[in-house]
Amino acid sequence: MARDYLGLPHDGERSRLYRNNHDGTFRDITKEAGLYKVLLGMAGNFGDLDNDGFPDFYLGTGDPDLSTIIPNRMFRNDGGQRFQDVTTSGGFGHWQKGHGIAFGDLDNDGDQDIYTSIGGAYAGDVYRNALFENPGHGNNWLKLKLVGIKSNRAAIGARIKVTVETAEVKRVIFKTVNSGGSFGGNPLRQEIGLGQAKTISEVEVFWPTSGIKQTMSGLQINHAYRIEEGNAQATE
């Protein structure tokens with residue numbers, strides 16, 4: 001880990017990121033995405049640190065060896081092109097072993113906070129858990145609580161497409177209802193960053209079991225809505 005930080009040669013295994021080619025194959029884009037690093041992830045989850053609509057991720061690091069004490073790592077998605085290591089600038093480099101990680105708006109102010117469970121594999125290898133409150137970054141957001149009727153009630157697997165208008169362009173943001181990554185769970189209520197969007201053109205939801213595709217307009221930025229499967233109207 002130290003040699004990787006210092007740019008020195010080493011034999012450590014690096015992470016990998018694969019981009020879907022939409023033809024049944026994937027391409028290794030690790031280096032161009034800025035993730036060709038030794039990360040030693042024990043846990044991981046993703047969310048949106050700055051509500052810009054691009055998913056960021058936080059890694060809890062470590063292994064069962066009691067001597068393995070290295071900082072957790074946070075990576076910010078830079079416009080969908082590459083990832084920036086913001087571990088130090090954001091104060092996320094917790095010097096213990098990260099297990100469960102969750103992104104969620106705990107104080108209901110529109111941005112996602114981060115909670116992480118700390119501790120190793122052995123009873124004596126424990127530490128206090130950590131809660132990181134998001135100070136906010138001035139971007140807009142939308143919260144959607146999906147309720148399945150024919151599909152599962154939690155709406156797991158439902159796909160969401162949000163089309164927004166910014167001052168310059170029309171933009172599309174995608175989300176899938178799930179609990180996030182490994183060793184931790186995000187809320188099933190979808191907390192979607194909209195960046196500098198001025199208006200929401202429409203929200204489209206595809207339900208996994210029924211195959212219903214419903215489209216809603218008139219939703220406002222910085223609001224929370226409940227959407228039921230098959231109901232054309234979202235409720236606040």
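Everything discussed here concerns the structure shown above.
Below you will find a few notes about this structure. (Residues numbered from 1 in each chain as written. Predicted model: local features only at pLDDT ≥ 70, side-chain atom pairs only at ≥ 80, totals over all residues. Heavy atoms only, no water.)

### Considering a nonpolar patch on the surface
Item 1. On the surface, Tyr5, Leu6 and Leu8 cluster together into a nonpolar patch covering about 330 Å² of accessible area.
Item 2. Relative to the assigned elements, leucine 6 resides in the loop between α1 (2-5) and β1 (18-20). (Patch = residues over 30% accessible without salt bridge, like charges linked within 9 Å, V, L, I, M, F, W, Y side chains within 5 Å. Areas by Shrake-Rupley, 256 points an atom, 1.4 Å probe, with all protein chains shown as cover. Salt bridge = Lys/Arg side-chain N within 4 Å of Asp/Glu carboxyl O. Helix = DSSP H or I, 4+ residues; strand = E, 2+ residues; numbered from the N terminus.)

### Notes on the side chain of glutamine 214
Item 1. Here glutamine 214 shows up in strand β15 (residues 213-216).
Item 2. There is a polar contact of 2.8 Å between the side chain of glutamine 214 and the backbone oxygen of asparagine 231.
Item 3. With sequence-adjacent residues up to four places away left out, glutamine 214 is seen in contact with Val203, Glu204, Val205, Trp207, Ile227, Glu228, Glu229, Gly230 and Asn231. (Polar contact = N/O pair within 3.5 Å; in protein donor to acceptor, adjacent residues only side chain to side chain. Contact = heavy atoms within 4.5 Å.)

### A few points about the sheet that holds strand β6 (residues 82-85)
The strands that make up a sheet are held in pairs by hydrogen bonds between backbone atoms, and each pair lies either parallel or antiparallel.
Item 1. Across the sheet, four strands lie side by side as β3-β4-β5-β6; this open sheet has antiparallel pairing. At either end of the open sheet lies a strand with only one pairing partner, and these are β3 (41-47) and β6. Averaged over all adjacent pairs, the angle separating strand axes in this sheet is 25°, with direction ignored.
Item 2. Bridge count for β3 against strand β4 (residues 56-61) is six bridges, and the pairing is antiparallel. Within β4, the residue paired with alanine 43 across the bridge is glycine 60. (Pairing = 2+ DSSP bridges. Axes fitted to C-alpha atoms, helices over the stretch in contact; angles between N-to-C directions.)

### With respect to the sheet that holds strand β10 (residues 140-147)
Item 1. Here we have three strands laid out as an open sheet, ordered β13-β10-β16, and mixed in their pairing. The open sheet has two edge strands with one neighbour each: β13 (190-195) and β16 (223-228). Neighbour to neighbour, the strand axes of the sheet diverge by 25° on average, direction disregarded.
Item 2. As paired elements, β10 and β13 share five bridges and run antiparallel to each other.

### Overview of the pattern of salt bridges
Pairing is possible between side chains of opposite charge, provided their charged atoms come close.
Item 1. The full count for this structure, using the stated rule, is 12 salt bridges.
Item 2. A salt bridge links glutamate 32 to arginine 27, with the nearest nitrogen and oxygen atoms 3.2 Å apart.
Item 3. Judged by its relative accessible area of 43%, glutamate 32 falls in the partly exposed class.
Item 4. In this structure, glutamate 165 engages lysine 170 in a salt bridge whose closest nitrogen and oxygen atoms are separated by 3.6 Å. (Buried < 20%, exposed > 50% of the residue type's maximum accessible area, 1.4 Å probe, protein only.)

### Some thoughts on unusual backbone geometry
Item 1. Phi angles above zero are rare outside glycine, and asparagine 108 is one such case at about 55°.
Item 2. Secondary-structure assignment places asparagine 108 in the loop between β7 (98-104) and β8 (113-118).
Item 3. On the accessibility criterion, asparagine 108 (54% relative accessible area) is exposed.
Item 4. Phi is positive for asparagine 222, which is not a glycine, with a value near 60°.
Item 5. Within the secondary structure layout, asparagine 222 lies in the loop between β15 and β16.

### A look at the environment of aspartate 28
Item 1. Looking at where aspartate 28 falls in the secondary structure, it is placed in strand β2 (residues 26-28).
Item 2. Classification of aspartate 28 by relative accessible area gives partly exposed; the value is 38%.
Item 3. Sequence-wise, aspartate 28 and arginine 16 are 12 residues apart; in three dimensions their C-alpha atoms are separated by 7.0 Å.
Item 4. Other than its neighbours up to four places away in sequence, aspartate 28 contacts Arg16, Leu17 and Tyr18.
Item 5. A distance of 2.6 Å separates a polar atom in the side chain of aspartate 28 from a polar atom in the side chain of threonine 30.

### Quick word on the nonpolar core
Item 1. Counting residues in each nonpolar core, the largest one holds 21 residues, and the members touching the most others are Leu142, Leu144, Leu146, Val162, Leu194 and Val203.
Item 2. Those residues in contact with leucine 146, other than ones at most four positions away along the chain, are Arg153, Ala154, Ala155, Ala158, Ile160, Val177, Val205, Trp207 and Ile227.
Item 3. Residues Met74, Phe92, Ile114 and Phe132 belong to the second largest nonpolar core, which totals 10 residues. (Core = buried A, V, L, I, M, F, W, Y, C linked by side-chain atoms within 4.5 Å.)

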